[in-house]
Amino acid sequence: GEAEARLRFNVGVYEDGVWTPFTLPSLAVTLMDFDCGKSAGACEKVISTDHSRYEGGESVTITSDGATTVFSDNHKSGGENNPDSVILDEEQMSISAGLYFEDRNNFTLEMFNFARWPRTILLAGITNLQWEAISTPAPTPLPTPSPTLAPTQPTPSPSPSPTCAFDVISGDCGATCSCITSPNYPENYGPDGSCAIEMASPSTLQVNDFSTEAIWDTLVVNGNNYSGSSGPVGVTADGQISWSSDGAGQDKGWSICVGLPTAAPTPPPTPSPTSHIVVVDGQCDIVGDCVQSPNYPSNYGSYQACTISFRG
């Protein structure tokens, strides 16, 4: 036999007994499972007039006069290729058609079935017939818990570097953090030598050794020249120290360090003065090294007495 249905699809909202249509800017519908069952005479057909464009599988026969489009099929198939999701395989896509509608709140489809037994054309919205990128979504993995970080110990602040007393800014003089020497010390310095040394802060000099050619080979500290065996002993140097030697005689040179400040000795405590007068009994008064009668300089009272002891 033959079955025919004219189906109108409306778009809107039904609320509190009131139907309110609204227009969709675009809509896609997939007609699936166009086939003829087990005989070529038991086929299916759909007619559409409201769509704006269409596409069909390779086994779907499409005829159109511009206003009306007919989708039909002569593909014989059993029930083994019926789709069970919107992910269609190649055979299922070959017997499906896609319709696209624009700016509509309704559309109508006419469906015909020439099979002896009732048959069904399946409808769906989005399928991979229209969007090839559609695939079975992978399950969403459970979030990986963030590792619990062990508390970090605060980085200790670096200890400040000690400030050195001397800095050789030119020449071949030797220097450590707290001592300076003439070039080549303890061997003789060379001829025509020189160097300049910067003091970090005013410091008292301790001369360990000093032997230069008098007058001609000199160490200058605070603007004063030192040569021969007379070094800057106990001088508080500030600013720049300079050394120069001429081209004649050379000597052992010098070794000078920063002297440690000497702490002033703590004076012994001053003993409390010991009085030589002691009032043994009574109301006499002791003031410094003196003793006085009761109530002095006013009159003493009647029947008053005191006993006083004098110590050597």
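Residues numbered from 1 in each chain as written. Predicted model: local features only at pLDDT ≥ 70, side-chain atom pairs only at ≥ 80, totals over all residues. Heavy atoms only, no water.

> Before we go on, may I ask you to explain the pattern of salt bridges in this structure?
Oppositely charged side chains are able to pair whenever their charged atoms sit close together. Throughout the structure, instances matching the rule amount to three salt bridges. Here Asp50 makes a salt bridge to Arg104, at a shortest N to O gap of 3.7 Å. Here the residue Asp50 occupies a position in the loop between strand S5 (44–48) and strand S6 (53–56), and Arg104 occupies one in strand S9 (residues 97–104), the gap between them amounting to 54 residues. The class of Asp50 is buried, set by a relative accessible area of 19%. Overall, Arg104 belongs to the partly exposed group, its relative accessible area being 27%. Put simply, Lys252 and Asp209 hold a salt bridge, and the shortest N to O gap is 3.1 Å. Placement of the pair is Lys252 in the loop between strand S20 (240–244) and strand S21 (253–258) and Asp209 in strand S16 (residues 203–211), with a sequence separation of 43 residues. (Salt bridge = Lys/Arg side-chain N within 4 Å of Asp/Glu carboxyl O. Helix = DSSP H or I, 4+ residues; strand = E, 2+ residues; numbered from the N terminus. Buried < 20%, exposed > 50% of the residue type's maximum accessible area, 1.4 Å probe, protein only.)

> Sorry, what's going on with the sheet that holds strand S17 (residues 218–221) here?
Within a sheet, each strand pairs with its neighbour through backbone hydrogen bonds, oriented either parallel or antiparallel. An order of S12-S15-S20-S17-S18 is seen for the five strands of this open sheet, with the pairing classed as antiparallel. Across the chains shown, the open sheet's two edge strands, defined by having one partner strand only, are strand S12 (166–171) and strand S18 (224–226). Averaged over all adjacent pairs, the angle separating strand axes in this sheet is 20°, with direction ignored. Taken together, the three bridges between S17 and S18 define a ladder with antiparallel strand orientation. Residue pairing for S18: Val220 is matched across the bridge by Asn225. (Pairing = 2+ DSSP bridges. Axes fitted to C-alpha atoms, helices over the stretch in contact; angles between N-to-C directions.)

> What's the story with the nonpolar core in this structure? I'm lost.
In summary, soluble globular proteins display a tendency toward joint burial of nonpolar side chains. Counting 19 residues, the largest nonpolar core has Phe166, Ile197, Leu219, Val221, Ile241 and Trp254 as its most contacted members. Elements represented by at least two residues in this core include exactly strand S15 (194–199), S16, S17, S20 and S21. With three residues, the top contributor of residues to this core is S15. The contact partners of Leu219, leaving out residues within four places of it in the chain, are Phe210, Asn224, Asn225, Tyr226, Pro232, Ile241, Ser242, Trp243, Trp254 and Ile256. Formed by 13 residues, the second largest nonpolar core is a distinct cluster that contains Val29, Phe71, Leu99 and Phe101. (Core = buried A, V, L, I, M, F, W, Y, C linked by side-chain atoms within 4.5 Å. Contact = heavy atoms within 4.5 Å.)

> Can you help me understand the pairing of strand S8 (residues 69–73) in this one?
In regular strands, side chains alternate between the two faces of the sheet. Counting buried positions along S8 yields four of five residues, so the element is predominantly enclosed. Relative to S8, S5 runs antiparallel, the two being bridged by four bridges. Paired with Lys45 across the two strands is Ser72, which belongs to S8. Where strand S7 (residues 60–64) lies against S8, five bridges are found, and the strand directions are antiparallel. The residue of S8 that forms the bridge with Val60 is Asp73.

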